[in-house]
Amino acid sequence: MKYKHLFFDLDRTIWDFDNNALLTFKEIYEKYKLKELGINSFEIFYSKYKFHNNALWALYRKAEIEKEVLSVKRFELTLYDFGIVDKNLAEKIAYDYITLSPLKTGLFPHVYEVLNYLSEKYKLHIITNGFEEVQYKKIKVSDLNKYFENIITSEEAGTKKPEKQIFEFSLSKASAKPDESLMIGDDIAVDIVGAKTIGIDQVFVNYHKISHDEDITYEINDLIELKAFL
Ligand SMILES: [Mg+2]
């Protein structure tokens, strides 16, 4: 057996980030009566938020913005799109979002079955770019703690995927060598390219069946497929 260590991404690989965020947004939309403030369409509110959030995360990945700023700014800009200038409301929503969304437990299909199977044969770890307190909460509430030997966040590592330093940090923390390790993630640019850079084999979890021309060790559309070769 070639591999000893399996490194998983968390968001959008194991934890169903988009569906959990959607549920949280629906709660926030109701709680703050955003419809009465003039935000008539929940769908447009949510799509505006996603636009600003993605743009700010791109800056955060390049270390051009602090996480505390990102956390509030994404809501401030979304409200502003609807003519609402209210930093105080943005701060309240930001707090609620970061508090409530990690308590959601929506996971992708077969997560527990696959982790039960893999944890008997391999040492499992997580490498995630999320915020430390948020990621730990998600893992605990979703009852995933018991499967993972190490949970490495970009905050702890002081560097983010796809930078090679976070993978080196993770290998060192897990006492693992690149050629006995496998990175499993949903993001080609972040998980796959990053792992490849330091000689770790990769599994692309291609839930949305996107087409690409990246050379990847394995590709799957559902985590259950891992059992076929691991
Ligand atoms: Mg991901």
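Residues numbered from 1 in each chain as written. Predicted model: local features only at pLDDT ≥ 70, side-chain atom pairs only at ≥ 80, totals over all residues. Heavy atoms only, no water.

Considering the domain arrangement of the protein
At step 1: Entries for the protein in the domain assignment read domain 1 (5-16 + 106-228) and domain 2 (17-103).
At step 2: If you average the C-alpha positions of domain 1 and of domain 2, the two centres end up 26 Å apart.
At step 3: Summing the contributions of domain 1 and of domain 2, the shared interface buries around 1600 Å²; its carbon and sulfur component is 57%.
At step 4: For the salt bridge of Glu155 with Lys67, the shortest nitrogen-to-oxygen distance reads 3.1 Å.
At step 5: Taken together, domain 1 and domain 2 are joined by 9 residue pairs in polar contact (both at pLDDT 80 or more).
At step 6: Ranked by residue count, the leading element in the side of domain 1 that touches domain 2 is helix α6 (residues 132-141), at 5 residues.
At step 7: Its residues assigned to classes, the side of domain 1 that touches domain 2 comprises 4 nonpolar, 3 polar and 9 charged. (Domains from an automatic or database assignment. Buried area = accessible area lost by both parts, 1.4 Å probe. Salt bridge = Lys/Arg side-chain N within 4 Å of Asp/Glu carboxyl O. Polar contact = N/O pair within 3.5 Å; in protein donor to acceptor, adjacent residues only side chain to side chain. Helix = DSSP H or I, 4+ residues; strand = E, 2+ residues; numbered from the N terminus. Nonpolar A, V, L, I, M, F, W, Y, C, P; charged D, E, K, R; others polar.)

Describing unusual backbone geometry
At step 1: With an omega of 10°, the peptide bond running from Lys161 to Pro162 counts as cis.
At step 2: A positive phi angle is found at Ala63, which is not glycine, with a value near 60°.
At step 3: With respect to the secondary-structure elements, Ala63 resides in the loop between α2 (42-61) and α3 (67-81).
At step 4: Ala63 gets classed as exposed once you look at its relative accessible area, which sits at 61%.
At step 5: A positive phi angle, close to 50°, is found at Ser175, a residue other than glycine. (Buried < 20%, exposed > 50% of the residue type's maximum accessible area, 1.4 Å probe, protein only.)

Observations concerning the layout of surface pockets
At step 1: In this structure, the largest pocket spans a volume of roughly 800 Å³.
At step 2: Around the largest pocket, the lining is made up of 35 residues, and of these Asp11, Arg12, Phe17, Arg61 and Asp187 lie nearest the centre.
At step 3: For the lining of the largest pocket, the elements supplying multiple residues, two or more each, are α1 (17-31), α2, α4 (87-100), α6, α9 (188-197) and β5 (201-205).
At step 4: Sort the elements by how many residues they give to the lining of the largest pocket and α2 lands first, with 5 residues.
At step 5: Its residues placed into classes, the lining of the largest pocket shows 15 nonpolar, 9 polar and 11 charged.
At step 6: If you count residues domain by domain, the lining of the largest pocket takes at least three from each of domain 1 (5-16 + 106-228) and domain 2 (17-103). (1 Å grid on protein atoms, 1.4 Å probe; cavity = no way out; pocket = protein on both sides within 12 Å on 5 of 7 lines; lining within 4 Å. Points joined across faces, edges and corners; volume = space filled by probe spheres on them.)

Details of the pairing of strand β4 (residues 181-185)
At step 1: Judged by how many residues are buried, β4 sits mostly within the fold: 5 of 5 residues are covered.
At step 2: Side-chain alternation along β4 places Ser181, Met183 and Gly185 on one buried face and Leu182 and Ile184 on a second face that is also buried.
At step 3: Relative to β4, strand β1 (residues 5-8) runs parallel, the two being bridged by 4 bridges. Following the sheet pairing, Phe7 is matched in β4 by Met183.
At step 4: Crossover β4 to β5 through α9 is right-handed. (Pairing = 2+ DSSP bridges. Right-handed = clockwise from strand over helix to strand, strands pointing away.)

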